[in-house]
Amino acid sequence: MKLYYPYFNLFYKAGTTNYRLDVIVKMPGNCVEDAIEQNYINDYWEVRIKLKEKNDSLDAEKEKMEEFNIELTPSDVKQLNNIKIIVKNYDNLLRNGDPDGEGKTGSGNGELE
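Note that the structure is predicted; figures quoted are calculated from it, not measured.

What counts and how
Residues numbered from 1 in each chain as written. Predicted model: local features only at pLDDT ≥ 70, side-chain atom pairs only at ≥ 80, totals over all residues. Heavy atoms only, no water. Helix = DSSP H or I, 4+ residues; strand = E, 2+ residues; numbered from the N terminus. Polar contact = N/O pair within 3.5 Å; in protein donor to acceptor, adjacent residues only side chain to side chain. Core = buried A, V, L, I, M, F, W, Y, C linked by side-chain atoms within 4.5 Å. Buried < 20%, exposed > 50% of the residue type's maximum accessible area, 1.4 Å probe, protein only. Contact = heavy atoms within 4.5 Å. Patch = residues over 30% accessible without salt bridge, like charges linked within 9 Å, V, L, I, M, F, W, Y side chains within 5 Å. Areas by Shrake-Rupley, 256 points an atom, 1.4 Å probe, with all protein chains shown as cover. Salt bridge = Lys/Arg side-chain N within 4 Å of Asp/Glu carboxyl O. Pairing = 2+ DSSP bridges. Phe/Tyr/Trp six-rings, centres within 6.5 Å; stacked < 30°, edge-to-face > 60°. Lys NZ or Arg CZ within 6 Å of the ring centre and 35° of its normal.

### Some words on the environment of R20
By secondary structure assignment, the location of R20 is in strand β2 (residues 19-28). Here D22 takes part through its side chain, which lies 2.9 Å from a polar atom of the side chain of R20.

### Here we look at the nonpolar core
Ranked by internal contacts, the top residues of the largest apolar core, which has 19 residues, are L21, V23, I49, I70, L72 and I83. For this core, the element with the most residues is β2, which contributes five residues. Discounting residues that sit within four places of it in the chain, I49 has contacts with V23, V25, A35, I36, F68, I70, I86, V87 and K88.

### Considerations on unusual backbone geometry
In the Ramachandran plot, N42 falls in the positive-phi region, its phi being about 50 degrees despite a non-glycine side chain. Its location among the elements puts N42 in the loop between β3 (31-41) and β4 (44-53). Phi is positive for D43, close to 70 degrees, though the residue is something other than glycine. By the element assignment, D43 lies in the loop between β3 and β4. Exposure remark for D43: the relative accessible area of 54% places this residue in the exposed category.

### Examining the environment of V32
Mapped onto the fold, V32 is located in strand β3. A relative accessible area of 24% places V32 in the partly exposed class. Sequence separation between V32 and E53 is 21 residues, and the spatial gap between their C-alpha atoms is 6.3 Å. Sequence-distant contacts of V32, defined by excluding residues within four places in its chain, comprise K50, L51, K52, K54 and K64.

### Quick look at a nonpolar patch on the surface
On the surface, a nonpolar cluster with roughly 330 Å² of combined accessible area is contributed by Y7, I24 and M65. Looking at the element boundaries, M65 is found in strand β5 (residues 63-72). For M65, a relative accessible area of 57% gives the class exposed.

### What to know about the side chain of D22
Residue placement: D22 occurs in strand β2. By relative accessible area, D22 is classed as buried at 14%.

### What to know about the pairing of β2
In terms of burial, β2 is a largely internal element, seven of the 10 residues being buried. Bridge count between β2 and β5: 10 bridges; the pairing is antiparallel. If you follow V25 over to β5, its bridge partner there is E66.

### Section: the packing of aromatic side chains
The full count for this structure, using the stated rule, is zero aromatic pairs. Taking the ring centre of Y44 as reference, the NZ or CZ of K84 above it sits at 5.4 Å.

Next comes the structure, spelled out in structure tokens:
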């Protein structure tokens with residue numbers, strides 16, 4: 001079963017440099033957010049959502065949808081022309097599902113807020 005499907009929108013206020021990425025991710029029910037990292041790498045602004053497994057819950061769902069609101073912090077707005085989102089479980093215990101989930105957007109795909 002493939003999981004980690006990010007669906008995302010880039011929001012920004014016209015005339016400002018405040019950018020926000022809203023991401024909805026389909027992921028295994030026993031995963032929780034560990035960290036969110038962002039950096040400019042190889043012509044892409046990369047947003048990496050790191051997940052870990054939470055095994056103390058016996059009634060965990062098989063899969064779930066989770067929303068993340070990420071304030072983007074580029075040093076230059078032009079770095080946001082291409083955005084890559086990576087959702088990955090960094091806990092080695094996960095054995096089912098696609099290990100990498102990625103989504104990309106290009107310039108002009110953002111929405112004015």
